[in-house]
Amino acid sequence: MKKYIVMTLLLNFPLINAEMKIYSYNITHGKKNDWNKRKPNVLQLIQDLNADIYCLQEVIDENDQLKSIQDILPQYNYVGDKRNNHISGLSIWLRLTTLGAQNERCPIFYNKNKFDLIDSQTFGINPNGSGYLPRTAVKIHLKEKSTGKEFFVYNTHLDHKYEKVRTEQAQMISDDIKQKCADKPVILLGDFNTTFDKDLKKILTEDGFTHAKTIAQQVEGPSVTHEKGSTKALIECDFIFVKPQSKFSISQYKTVDSIPLTKDSKKPVASDHNPVGITCSLKE
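Residues numbered from 1 in each chain as written. Predicted model: local features only at pLDDT ≥ 70, side-chain atom pairs only at ≥ 80, totals over all residues. Heavy atoms only, no water.

Asker: Break down the pairing of strand β6 (residues 136–144) for me, citing the residues and quoting the values.
Answerer: Counted residue by residue, β6 has 8 buried out of 9 residues, so it is predominantly covered. Bridge count between strand β5 (residues 115–124) and β6: 9 bridges; the pairing is antiparallel. What sits directly across from Q121, in β6, is K139. With antiparallel pairing between neighbouring strands as the criterion, β6 and strand β7 (residues 150–157) make up a hairpin whose turn holds 5 residues, including G148 at a positive phi of roughly 80°. (Buried < 20%, exposed > 50% of the residue type's maximum accessible area, 1.4 Å probe, protein only. Helix = DSSP H or I, 4+ residues; strand = E, 2+ residues; numbered from the N terminus. Pairing = 2+ DSSP bridges.)

Asker: Report on the nonpolar core, specifying residues and quantitative values.
Answerer: Within the largest apolar cluster, 27 residues are counted, with the highest numbers of intra-cluster contacts made by I53, F151, V153 and I187. Residue contributions to this core peak at 4 residues, all from strand β15 (residues 276–282). Not counting the four nearest positions on each side in its chain, I187 is found in contact with M20, I22, F151, F152, V153, Y154, I240, F241, V242 and F248. By size, the runner-up hydrophobic cluster in this structure holds 21 residues, among which are I46, L56, L66 and V256. (Core = buried A, V, L, I, M, F, W, Y, C linked by side-chain atoms within 4.5 Å. Contact = heavy atoms within 4.5 Å.)

Asker: Please provide a residue-by-residue account of the pattern of salt bridges, values included.
Answerer: Per the stated rule, a full pass over the model turns up 18 salt bridges. Taking the shortest distance from any N to any O, the salt bridge between K145 and D116 comes out at 2.5 Å. Of this pair, K145 sits in the loop between β6 and β7 while D116 sits in strand β5, and the two are 29 residues apart along the sequence. By relative accessible area, K145 is classed as partly exposed at 42%. For E236, the salt bridge identified is with K213, shortest N-O distance 2.9 Å. Here E236 is found in the loop between β12 (233–235) and β13 (238–243), whereas its partner K213 is found in the loop between β9 (210–211) and β10 (219–220), with 23 residues between them in sequence. Through salt bridges with shared partners, one network takes in D61, K82 and R105. (Salt bridge = Lys/Arg side-chain N within 4 Å of Asp/Glu carboxyl O.)

Asker: Summarise the sheet that holds strand β4 (residues 108–111); cite the residues concerned and give the values.
Answerer: Spatially, the 7 strands line up as an open sheet ordered β3-β4-β2-β1-β15-β14-β10, and their pairing is mixed. Both edges of this open sheet fall to β3 (76–79) and β10, since each of them pairs with a single strand only. Strands β2 (53–57), β3 and β4 of the sheet are contacted by helix α3 (residues 65–72), whose axis makes an angle of about 10° with β4. (Axes fitted to C-alpha atoms, helices over the stretch in contact; angles between N-to-C directions.)

Asker: Kindly report on the packing of helix α2 (residues 35–49) against α3, identifying the contributing residues and their values.
Answerer: Across the interface, α2 lies against α3 with an axial gap of 10 Å and an inter-helix angle of 30°. Considering the angle they form, α2 stands roughly parallel to α3. Considering only the axes of α2 and α3, their crossing is right-handed. Taking contact as the criterion, the partners of W35, K39, L43, I46 and Q47 in α2 are, on α3, Q65, S68, I69 and I72. Its residues assigned to classes, the contact of α2 with α3 shows 5 nonpolar, 3 polar and 1 charged. (Parallel < 35°, antiparallel > 145°, perpendicular 65-115°, else oblique. Left-handed = near helix turned anticlockwise from the far one by under 90°. Nonpolar A, V, L, I, M, F, W, Y, C, P; charged D, E, K, R; others polar.)

Asker: A description of helix α6 (residues 198–206) should follow, citing residues and the corresponding values.
Answerer: Within α6, burial applies to L200, I203 and L204. The arc enclosing the buried residues of α6, seen along the axis, measures out at 85°, which places them on a common side. Facing away from the buried side of α6 by over 90 degrees, the exposed positions are K198 and E206. Buried residues belonging to α6 abut α5 (163–180), β8 (186–191) and β13. (Arc of directions from axis to C-beta.)

As structure tokens, this is what we get:
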């Protein structure tokens, strides 16, 4: 009888302590900053992260950027459509701007051995035809194979030019989460192209989101995530938020220090963003 009880406890132990590692990483699209030179470094960094779920931004099909990621993640499936497929409602001017811009994705790669896919969707987030370029959010509904627990992940890349548009886009995503996710755990992450204050903080906080860094048992890495364009200004604009806080146990929030900031830096050139990730488990 005792042996049976011990065996039962051992079999169920992983169900209690199942952890997953989720990262957000803007890899900079494959026609910018010499992708052929950056490619091996980006791919190596992705592999080194050893995540269960990767939420990437600025991924394009050209120059085999998407395929090269698929090739190094054979145990992963991905979801996430091209942004130009979701430009309904955009003005003629904004449609014209897409002609010279890259048709980017915000793909979510998930380990198919750890998760079952329940549903996914890519949707446009350009309210009333606004924004400098078409933007999207990618939603995925997953179930942990080991625990049967369901959760949602939303990956996005907000407008890089207008604060008002970013605010509206964040509200659109939050509204979708309220409508579609009920009381299930939600992870919202990506490149928000702004710091976590003012309207962005107000919207997400009032809608029940918590910045994962503030509740993590351990915080590791630099406080900045992006080197902005020609100004070289360092800001934190890549974030991970969770909702509701009560359904997450976050053991680590990590920003990987990967941006070479000086000509003398020995860091390999990869992207102008640092990856940001959490190690977490879902509570009952």
